Amino acid sequence: MSEGQAEARRALLDKLYGELAGARDEVAGRALESAIQSVWLESGSPSVDLLMSRGLNALREDDFDRAYFYFDEVVTLAPGFAEGWNKRATIHYIRDDYARALRDVEHALRLEPRHFEALAGLGVILEELGDKKGALDAYRKAVAINPQLLNGKERIAPLELEVEGRGI
């Protein structure tokens, strides 16, 4: 991706994230969420985009070995492409390899700190590992970026009670 393309992509994401934070309702939020996800999937390379497409198809077909192969190739060919890391993290999570999933999610978040799906994924992993406070923090960050995040608030409420207790 050229510097000009990268700058245009950042500007578009800034605009979409701003609109998402102020979405008036769930329908508007879902449309903006979808627009952001489309931008996330654009690597700037036709070959990387093809590998991502094949990996996503394999993931939809529950062929996790094949999906891993494609996402691993994406990460190798385009290490600056956050969505490759996020999708490979998904495969590691499905395979119960939480250490690798955490590494890949953290890498995705270094590249795209506003990646609400990666933040929510981080929350799920931390919750399963017993880090309730870390999970709560991750979910809160995800919902702050995307207030319409599916199951976001539902995940936060029980953790708030468990981590912070009841107010007086």
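Coordinates for the structure precede this section.
Residues numbered from 1 in each chain as written. Predicted model: local features only at pLDDT ≥ 70, side-chain atom pairs only at ≥ 80, totals over all residues. Heavy atoms only, no water.

Chemist: Honestly, the pattern of salt bridges in this entry has me stumped. Any pointers?
Modeler: Two side chains that carry opposite charge are able to pair once their charged atoms sit near each other. If you walk through the whole model with that rule in mind, you get 18 salt bridges. With a shortest N-O distance of 3.4 Å, Arg 30 and Glu 26 are connected by a salt bridge. Here Arg 30 pairs with Glu 26, and both are found in helix α2 (residues 26-40), just four residues apart, close to one helical turn. Relative accessible area serves as the criterion here: at 25%, Arg 30 is assigned to the partly exposed category. Among the salt bridges present, the one from Glu 33 reaches Arg 30, with a minimum N-O distance of 3.2 Å. With a gap of three residues between them, Glu 33 and Arg 30 both fall in helix α2, about one helical turn apart. Three or more residues are tied together by salt bridges with common partners; here these are Glu 3, Glu 7 and Arg 10. (Salt bridge = Lys/Arg side-chain N within 4 Å of Asp/Glu carboxyl O. Helix = DSSP H or I, 4+ residues; strand = E, 2+ residues; numbered from the N terminus. Buried < 20%, exposed > 50% of the residue type's maximum accessible area, 1.4 Å probe, protein only.)

Chemist: How should I be thinking about the environment of Pro 147 in this particular structure?
Modeler: In this fold, Pro 147 is placed in the loop between α8 (132-145) and α9 (152-164). Measuring from C-alpha to C-alpha, the distance between Pro 147 and Val 124 comes to 17 Å, with 23 residues separating the pair along the chain. Leave out the neighbours within four places in its chain, and Pro 147 touches Leu 20, Ala 21 and Lys 153. (Contact = heavy atoms within 4.5 Å.)

Chemist: How do you make sense of the packing of helix α6 (residues 98-111) against helix α7 (residues 116-128) when you look at a structure like this?
Modeler: How two helices pack is summed up by the angle between their axes together with the distance between the axes. Remark: α6 packs on α7, axes separated minimally by 10 Å, with the N-to-C direction vectors making an angle of 150°. In terms of orientation, α6 lies roughly antiparallel with respect to α7. As for how α6 packs across α7, the hand of that crossing is left-handed. Counted together, Tyr 98, Ala 101, Leu 102, Val 105 and Leu 109 of α6 and Ala 118, Leu 119, Leu 122, Ile 125, Leu 126 and Glu 128 of α7 form the full contact between these two elements. Across the contact of α6 with α7, the residue classes break down as ten nonpolar, no polar and one charged. (Axes fitted to C-alpha atoms, helices over the stretch in contact; angles between N-to-C directions. Parallel < 35°, antiparallel > 145°, perpendicular 65-115°, else oblique. Left-handed = near helix turned anticlockwise from the far one by under 90°. Nonpolar A, V, L, I, M, F, W, Y, C, P; charged D, E, K, R; others polar.)

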